[in-house]
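Tertiary structure, described
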Amino acid sequence: MGEPLSIGIVGGGGWLGRAFAEAIIDAQIVPPEQLTLSHRSGQPGFLPSATWTRNNQELVDRSDVVIVSVRPQDWPAIEISAHGKLAMSVMAGIPLDQLAKRLKTDRIVRALPNAAAEVRNSYTPWIGSQGVTADDRNVVRRILEACGAADEVKSEADIDYLTGLTGSGPAFPALLAMAMIDDAVSRGMNPDIARRGVSAVLVGTGKLLEARAENPKDIVQTFVDYRGTTAAAIEAMRAAGFEAAVREGLAAALWKSVTMGQAT
Ligand SMILES: NC(=O)C1=CN([C@@H]2O[C@H](COP(=O)(O)OP(=O)(O)OC[C@H]3O[C@@H](n4cnc5c(N)ncnc54)[C@H](O)[C@@H]3O)[C@@H](O)[C@H]2O)C=CC1
Ligand SMILES: O=C(O)[C@@H]1CCC=N1
């Protein structure tokens, strides 16, 4: 297959489905009229020039590439035949063999984006089944890179782990931001200043980490060696179990990712 002529997104009205749909259109991978999006209840208000349907088989029949973006608990109710077409799942926890069986195609990609796809800054690891061709891989890269950065990985176990690390990832700095803002407000800071300040810290740190070649570990050590306010905070946070809390959180996400797939 060369350029995909048409793309369909099952669950295209949802959070991630919308992010993918808008990124695909912005990157001009297909024009809106070649994009089919399915929804369950009322038609959402965005991308009115795309084709919207409640009929997922109709979506598949209109599309060269089918993206499945429903929640894992809604996956067992999806009854479609992709007729050997390229299909990509972004669902957490659903393994390649289950996807191939239910979608009736051996050209399957399992991808795991994150919420930053909404602002074209996802990190998306992915893996393809045996039947995925070199052309399919190019199409997949174009779609995923329209949403941010993407890496093909070697095993599904990598996807299971990365589901928690990078798929859930944006939630963790958000949790940190929430705790920082709560502390600031509890000490009488103006909430708007606290929010703006903490948001600037997160964005600035992202850019700093991207710009600097060294490992975050080295940056942390530089702060520790500085022996100032930052070192005092880092040492107190570590003594309160910061690293253990992160380890336990990631273990819980991995467990959920693996067991969720087994449950469907
Ligand atoms: N939101 C996130 O940060 C991430 C989500 N994911 C995965 O992406 C998938 C979608 O997640 P979200 O977009 O967050 O959920 P969501 O709930 O916002 O969107 C899912 C959409 O699918 C629709 N839907 C359900 N059954 C349908 C059916 N039979 N036909 C047509 N539409 C149907 C729902 O009405 C909803 O609009 C999930 O499997 C999740 O594991 C993966 C990585 C990150
Ligand atoms: O929380 C979830 O289950 C979804 C999948 C990975 C990130 N968000």
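Residues numbered from 1 in each chain as written. Chains lettered and ligands numbered in written order. Predicted model: local features only at pLDDT ≥ 70, side-chain atom pairs only at ≥ 80, totals over all residues.

How we decide: UniProt positions are given in the numbering used here, feature names are shortened, and annotations may be inferred rather than shown by experiment.
Naming follows an unreviewed UniProt entry, where the protein chain appears as Pyrroline-5-carboxylate reductase of Mesorhizobium onobrychidis. We quote the UniProt Function (unreviewed entry) comment for the protein chain here in full: "Catalyzes the reduction of 1-pyrroline-5-carboxylate (PCA) to L-proline." What UniProt records for the protein chain under Subcellular location (unreviewed entry) is the sentence "Cytoplasm".

1. A few points about the site of ligand 2
We count it as follows: By definition, a residue lies near a molecule or strand when the C-beta atom built from its backbone is within 6 Å of it. Asp, Glu, Lys and Arg are counted as charged, while Ala, Val, Leu, Ile, Met, Phe, Trp, Tyr, Cys and Pro are counted as nonpolar; the rest, among them Gly, fall into the polar class.
Near ligand 2, the surroundings consist of A92, T163, G167 and S168. Split by residue class, the shell around ligand 2 holds one nonpolar, three polar and no charged.

2. Re helix 1 (residues 15-26)
For clarity, the cut-off: Elements are defined by DSSP. Helices are runs of H or I of four residues or more, strands are runs of E of two residues or more, and each kind is numbered from the N terminus. Multiplying 1.5 Å by the residue count of a helix minus one yields the expected span of that helix. The exposure label follows from counting other C-beta atoms within 10 Å of a residue's C-beta, where the C-beta atoms are placed from the backbone and the thresholds are 20 or more for buried and 12 or fewer for exposed, leaving partly exposed in between. We call two residues in contact whenever the C-beta atoms placed from their backbones are within 7 Å.
Its twelve residues give helix 1 an end-to-end C-alpha distance of 17 Å, which sits within 8% of 16 Å, the value for a rise of 1.5 Å per residue. Along helix 1, the residues that are buried comprise L16, G17, R18, A19, F20, A21, A23 and I24. Where the residues of helix 1 are buried, they touch strand 1 (7-10), strand 2 (35-38), strand 4 (65-68) and helix 4 (134-146). Positioned one or two residues after helix 1, Q28 has a phi angle of 55°, which is positive.

3. Some points on the site of ligand 1
Neighbouring ligand 1 are 26 residues; G11, G14, L16, M91 and A92 lie closest to it. Looking at the shell around ligand 1 element by element, the count peaks at three residues for helix 1. By residue class, the composition of the shell around ligand 1 is 13 nonpolar, ten polar and three charged.

4. Description of the packing of helix 6 (residues 171-186) against helix 7 (residues 191-211)
Here is the rule: Between N-to-C directions, angles cover 0 to 180 degrees, with each direction set by a line fitted to C-alpha atoms, over the stretch in contact for helices. Crossing chirality is assigned from the near helix's rotation relative to the far helix, an anticlockwise turn below a right angle marking it left-handed and a clockwise turn marking it right-handed.
Close contact between helix 6 and helix 7 brings their axes to 9 Å; oriented N to C, the two are set at 145°. As helix 6 packs across helix 7, the resulting crossing turns out to be right-handed. Here helix 6 contributes P173, A177, M180, I181, A184 and V185 to the contact with helix 7, which in turn contributes P191, A194, R195, V198 and L202. Classifying every residue of the contact of helix 6 with helix 7 by side-chain character gives ten nonpolar, no polar and one charged.

5. Here's the deal with the nonpolar core
Convention followed: What we call a nonpolar core is a set of buried Ala, Val, Leu, Ile, Met, Phe, Trp, Tyr and Cys residues whose membership is set by joining through C-beta atoms within 7 Å.
Of all hydrophobic cores here, the largest spans 49 residues; its most connected members are F20, I24, V66, I67, A87 and M88. Looking at this core, the element that brings in the most residues is helix 1, giving six residues. Setting aside chain neighbours within four positions, we find I24 in contact with I7, I29, V30, L35, I143 and A146.

6. Considering the UniProt feature "domain: Pyrroline-5-carboxylate reductase catalytic N-terminal" (unreviewed entry) in the protein chain
As recorded in UniProt, the feature "domain: Pyrroline-5-carboxylate reductase catalytic N-terminal" (unreviewed entry) lies at residues 7-93. For residues 7-93, the end-to-end C-alpha separation is 23 Å, with 22% helix and 22% strand making up the annotated structure.

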